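Coordinate analysis (summary)
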Amino acid sequence: MLKMFIESLKNLVSEPETIKYPFEPSPEPKGYRGTIHYNEELCIFCDKCENICPPGAIKFVVVDYETGKKEYNYNPYLCIYCGACVRECPKADEGCLVQVETRTPPLGRSVPKGKELGYFINRIDNPKEVESKWREIEELNIKTKEEYKAYKKAKRAQKAAAKAKGEE
Amino acid sequence: MGKIVVPFGSQHVALPEPISFLFDTENEIITKVEAHIGYVHRGIEKAAITRFEYNQLPYLTARVCGLCSITHAGAVVHGIEKLMDIEVNKRIDYLRMLVVELDRIHSHMLANGHVAEVVGYENLFMQTFRAREDVMDVLERITGNRVQYDYQTIGGVARDIDLETAEFAKKKLKKLKENVLKVMEFHDSDYTFGLKTKGVGVISKEMAAKYNTAGPIARASGLETDVRAEFDYLPFEEVGYKMQTRKEGDVWARNMVRFDEVLNSIEMCENILDNLPQGEHQVKVKGRPKGETVVRVEAPRGECFYYLKASGKKVMDRVRIRVPTYANIPILKELFLGAKYSDAQAIVLSFDPCMSCTAR
Ligand code: SF4
Ligand code: SF4
C-alpha cells in the first residue's frame, strides 16, 4: 500500500509516457513498414507483386494490347503494409518496389500524390472517390487481362496461319 | 427474493471484446448462465479456402486476432512448411521464437492489466500497460508494425534483426523486467487486491483436467500442460523454457502464472538475443503444399490447434482453427454457478478471453 503510494507520488513528477498527438508529431520508429514506392523504369512487369498481395492492393491494367504496356495501380488505403510484394519482387534490390519508413497520410480532404505511388491515386482528386474508382480498376484488371490474352492468342493464330500459307 | 436475469455483455465496460452472458441470479448468487460467443464471426476459415492462396494465408490468419497474430501466422506457416517439406535453419527458428515469446509477454501483460482494472485498480492497470509499452516498442522495432506483425512467412521471417535492434530490445527487456517485478510484488502483498482475487473462481486440478482447460488457466491450477513442452515446433527448451505452475487455481493465481511466464519469456528472449545462430533469414521455397497435417502451438491463452489439408493446388482444401478460449468456455460456465455476481467480471477477465479468435 505504502509502496504504491510512493510510486504514485513519483509518477506525479516524472516525465509523461505519452505523446500529445495530434498536437505534437508522432514520428515513425526506425524500420517502420510504410508506403510502397514504385519505379516504373525498373519494372519488368512480372506481376509477382500483384499475385502475392493479400488484399489485392496492387492491380495492373493493360492499356495497349499492341505493345502490351501495363499500368501499375496501387491503392494505399487498401494496402495492409505487409511488405510481401517487396519480398516477391525480383527487382526490389535495384529499387523497383521499396517499402519506405513513412506512413501514408490518413485519407482526409486530399489524396496524396506522387509518381512513386503509381497511376491510380494520381488520377483521383476527390478522396470520396477512392473506393468506387478502385472497384473500376479491379474490374478493368480482370477485363483487360482476359482481352489481352485473347488478343495474343489471335495474334499467334494469325502468325501460324501466315506461316502455313508461306510454306504452301 | 425472486430470480433476476442480469445480462452481461455483449457490450460491457469490463469486456474488451463482445461476448454475452445471461446470468440468472438469486440474491446476488448466480444460479444459471447462458453464453453467446459468435459476435465477431468474420468467416476467416471459409475465406482461407476460397479467396486466398496458400502463400497469402499467414497474412490472413494473422488477422484472426490482434493479440496473438504471431501465433496464428506461425501456426499456419509451420503447417504449410510441413506440407511442403521445407526445413528452416536455426536462425529462423530462433527469430520466430523471439517474436512468439515477445507476443506472449505483451498479451499476458494486457490480460493482467484488465484483471486489475475490473477489480477496481485503475492505477495498477495503467502501470501494467505502461510497462507493456516497452515490449510493444521492441516488437515494433523488430517487425515494423505495432499490432499486425506479419513477421513469419513461408520459408523464413520477413526481415533479419540487426545489432542495434538487438541492443535496443535487450535494454527495453531489462526495464520491463524491473517493472514486472514491481507490479508482481504489489499483487503479492496488497491486502485489498487479495480480497478481490484470492479464493475467487477457484478451479481445482481435477476440475481443470476434467474440463480439458488449456494454457495459463490450467497451469494456475497445477495442471502441467503446455504445448511448448509437448509438441516440438520450435526448440524452446534450448533457450531456457520452464513450465510455470501455481497451485491455488483462483483469479490471483492465474495472474501470477502469467507474470511467472512473462519473466520466463523475458529470460528466453534474452538468451535468444545473446545466442543468435548465424544464417540466412529466408530459405528457398519450391512447390505447393500437399497432404494433410495438424499443428499445435502454444498461444498466450493456451493450445491453439490447426488442421490443414491441401492437394497441390494454390488454394487449400481445408483450414480449421481451434483456439484456446473456446476450450476454456465450458469450465468458465461451471465456475459462475454459485459465484457472486460482483465477482463475475474478475472471473471472466482472469480467463483472458479472446472472442475474435473464438468466433474467427
Ligand atoms: S505491402 Fe502487402 S498489402 Fe501492401 S501492396 Fe504490398 S503486398 Fe499488397
Ligand atoms: S514484382 Fe516488381 S518487377 Fe514484378 S511487376 Fe511487380 S514491381 Fe514489377
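What this report covers is the structure whose coordinates are included nearby. All values reported here derive from a predicted model rather than from experimental measurement.

1. So, the overall build of chain B
Scanning chain B from terminus to terminus reveals 14 helices and eight strands. Computed over its C-alpha atoms, the radius of gyration of chain B comes to 20 Å, within 12% of the 21 Å expected for a compact globule of 360 residues. Evaluated residue by residue, chain B yields a buried proportion of 61% over its 360 residues. Within chain B, contacts between residues separated by at least 24 positions form 70% of all contacts whose residues are at least 6 apart in sequence. By element, 51% of the accessible surface of chain B is carried by carbon and sulfur atoms, the whole surface being about 14,100 Å². For chain B, the separation between the mean place of its 49 positive charges and that of its 50 negative charges on side chains is 5 Å.

2. With respect to the layout of surface pockets
In this structure, the largest pocket encloses a volume near 850 Å³. Lining the largest pocket are 24 residues, and of these Ile52(A), Glu88(A), Asn55(B), Ile154(B) and Val285(B) sit closest to its centre. Broken down by secondary-structure element, the contributors of at least two residues to the lining of the largest pocket are α2 (48–52) and α3 (84–88) of chain A together with α2 (57–61) of chain B. Of the pockets and cavities examined, the second largest pocket occupies roughly 600 Å³. In this structure, the second largest pocket is lined by 19 residues; those nearest its centre are Glu17(A), Ile19(A), Glu133(B), Asp137(B) and Arg146(B).

3. What to know about the site of ligand 2
Taken together, 13 residues lie near ligand 2, and Cys43(A), Cys46(A), Asp47(A), Cys49(A) and Cys89(A) sit nearest. Placement of ligand 2 is best described as lying within the largest cavity.

4. Notes on the pairing of strand β7 (residues 302–311) of chain B
Residue and element names in this part refer to chain B. For strand β6 (residues 290–299) and β7, the ladder comprises 10 bridges, and the chain directions are antiparallel. When the bridges of β7 are listed, Val297 appears paired with Cys304. Where β6 folds back on β7, the antiparallel hairpin that results is connected by two residues. With five bridges connecting them, β7 and strand β8 (residues 318–322) associate as antiparallel partners. Each bridged residue has a counterpart across the sheet, and for Tyr307 the counterpart in β8 is Arg320. Hairpin geometry of β7 and β8 is characterised by an intervening segment of six residues between the two adjacent antiparallel strands and by a positive phi of about 75 degrees at Gly312.

Reading the values: rules and limits
- Residues numbered from 1 in each chain as written.
- Chains lettered and ligands numbered in written order.
- Predicted model: local features only at pLDDT ≥ 70, side-chain atom pairs only at ≥ 80, totals over all residues.
- Heavy atoms only, no water.
- Helix = DSSP H or I, 4+ residues; strand = E, 2+ residues; numbered from the N terminus.
- Rg over C-alpha atoms; globule rule 2.2 N^0.38 Å.
- Buried < 20%, exposed > 50% of the residue type's maximum accessible area, 1.4 Å probe, protein only.
- Contact = heavy atoms within 4.5 Å.
- Areas by Shrake-Rupley, 256 points an atom, 1.4 Å probe, with all protein chains shown as cover.
- Lys, Arg positive; Asp, Glu negative; His and termini not counted.
- Charge placed at Lys NZ, Arg CZ, Asp CG, Glu CD.
- 1 Å grid on protein atoms, 1.4 Å probe; cavity = no way out; pocket = protein on both sides within 12 Å on 5 of 7 lines; lining within 4 Å.
- Points joined across faces, edges and corners; volume = space filled by probe spheres on them.
- Near = heavy atom within 4 Å.
- Sits in = over half its atoms within 2 Å of the grid points.
- Pairing = 2+ DSSP bridges.

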